[in-house]
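# Breakdown of the fold
The lines below spell out each chain.
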Amino acid sequence: MAVARLTDSEREELLRRHPEWSLARDGDAIERTFAFADFNEAFGFMTRVALLADKADHHPEWSNVYNRVQIALTTHDAGGLSQRDADMAKAIDAL
Ligand SMILES: C[C@H](O)[C@H](O)[C@H]1CNC2=NC(N)=NC(=O)C2=N1
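Structural notes, computed from the coordinates. (Residues numbered from 1 in each chain as written. Predicted model: local features only at pLDDT ≥ 70, side-chain atom pairs only at ≥ 80, totals over all residues. Heavy atoms only, no water.)

## Side note on the overall build of the chain
Of regular secondary structure, the chain possesses 3 helices and 4 strands. When the helices and strands of the chain are placed in sequence order, the string is α-β-β-α-β-β-α. For a compact globule of 95 residues, the expected C-alpha radius of gyration is about 12 Å, and the chain comes in at 13 Å, within 12% of that figure. By its C-alpha atoms, the chain is 40 × 25 × 20 Å across when sized along the principal axes. Each of the 95 residues in the chain was classed as buried or not, and the buried ones make up 36%. Contacts in the chain between residues far apart in sequence, at least 24 positions, make up 61% of those at least 6 positions apart. Total accessible area on the chain stands at roughly 5800 Å², and carbon and sulfur atoms take up 50% of it. For the chain, the distance from the average site of its 11 positive side-chain charges to the average site of its 17 negative ones is 3 Å. (Helix = DSSP H or I, 4+ residues; strand = E, 2+ residues; numbered from the N terminus. Rg over C-alpha atoms; globule rule 2.2 N^0.38 Å. Buried < 20%, exposed > 50% of the residue type's maximum accessible area, 1.4 Å probe, protein only. Contact = heavy atoms within 4.5 Å. Areas by Shrake-Rupley, 256 points an atom, 1.4 Å probe, with all protein chains shown as cover. Lys, Arg positive; Asp, Glu negative; His and termini not counted. Charge placed at Lys NZ, Arg CZ, Asp CG, Glu CD.)

## Considerations on a nonpolar patch on the surface
A cluster of nonpolar residues, Phe-39, Phe-43, Val-65 and Tyr-66, forms a patch on the protein surface that exposes about 430 Å² of accessible area. Relative to the helices and strands, Tyr-66 resides in the loop between strand 3 (61-65) and strand 4 (68-73). (Patch = residues over 30% accessible without salt bridge, like charges linked within 9 Å, V, L, I, M, F, W, Y side chains within 5 Å. Salt bridge = Lys/Arg side-chain N within 4 Å of Asp/Glu carboxyl O.)

## Concerning the pairing of strand 4
Bridge analysis of strand 2 (residues 29-35) against strand 4 gives 6 bridges, and the strand direction is antiparallel. Across the sheet, the residue bridging to Arg-32 is Ile-71, located in strand 4. Direction of pairing for strand 3 relative to strand 4: antiparallel, over a ladder of 5 bridges. Bridging from a neighbouring strand, Val-65 pairs with Arg-68 of strand 4. Hairpin connection from strand 3 to strand 4: 2 residues lie between these consecutive antiparallel strands, with Tyr-66 at a positive phi of about 50°. (Pairing = 2+ DSSP bridges.)

## Looking at the nonpolar core
If you look at the biggest cluster of nonpolar residues, it comprises 17 residues, and the most contacted ones within it are Trp-21, Ile-30, Phe-45, Ile-71, Leu-73 and Ile-92. Residue assignment for this core shows that the elements contributing at least two residues are strand 2, helix 2 (39-56), strand 4 and helix 3 (83-93). Setting aside residues no more than four positions away along its own chain, Trp-21 makes contact with Leu-15, Ile-30, Glu-31, Arg-32, Phe-34, Ile-71, Leu-73, Ala-89, Ile-92 and Asp-93. (Core = buried A, V, L, I, M, F, W, Y, C linked by side-chain atoms within 4.5 Å.)

## Regarding the pattern of salt bridges
Enumeration over the complete set of coordinates arrives at 8 salt bridges. Salt-bridge contacts for Arg-11 lead to Asp-8; the nearest nitrogen and oxygen are separated by 3.5 Å. You can see Arg-11 and its partner Asp-8 sitting in helix 1 (residues 8-17), 3 residues apart, about one turn around the helix. Residue Arg-11 is classed as buried on the basis of its relative accessible area, which comes to 13%. With a relative accessible area of 55%, Asp-8 lands in the exposed category. For Arg-17, the salt bridge is made with Glu-13, and the minimal N-O distance between the two is 2.7 Å. Taken as a pair, Arg-17 and Glu-13 lie in helix 1 at a separation of 4 residues, close to a single helical turn.

Here it is, written out as structure tokens:
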């Protein structure tokens with residue numbers, strides 16, 4: 001399914017609203033790294049993100065090493081950033 005990519009000004013707005021995320025992959029993704037007290041906390045967070053992501057049918061690209069979780073958001077169906085990534089960043093930031 002085709003999804004619209006964000007315009008440059010929409011991308012800037014996304015970063016303004018979510019300053020802890022940064023652009024990656026030539027502006028086609030945003031990334032954020034989270035650090036927790038330990039693995040249990042990190043994995044609990046991942047579980048909450050997983051439930052959100054599946055409900056939204058929008059899935060993160062991520063990795064976990066002990067207490068750290070690195071998340072990249074991009075929209076495969078758009079070949080870059082879309083409103084779905086902005087919505088997911090907002091939902092993750094609200095956890
Ligand atoms: C068929 C299904 O709705 C699509 O493949 C969804 C699933 N999750 C997705 N997640 C992400 N990050 N990008 C997508 O384009 C995407 N598309």
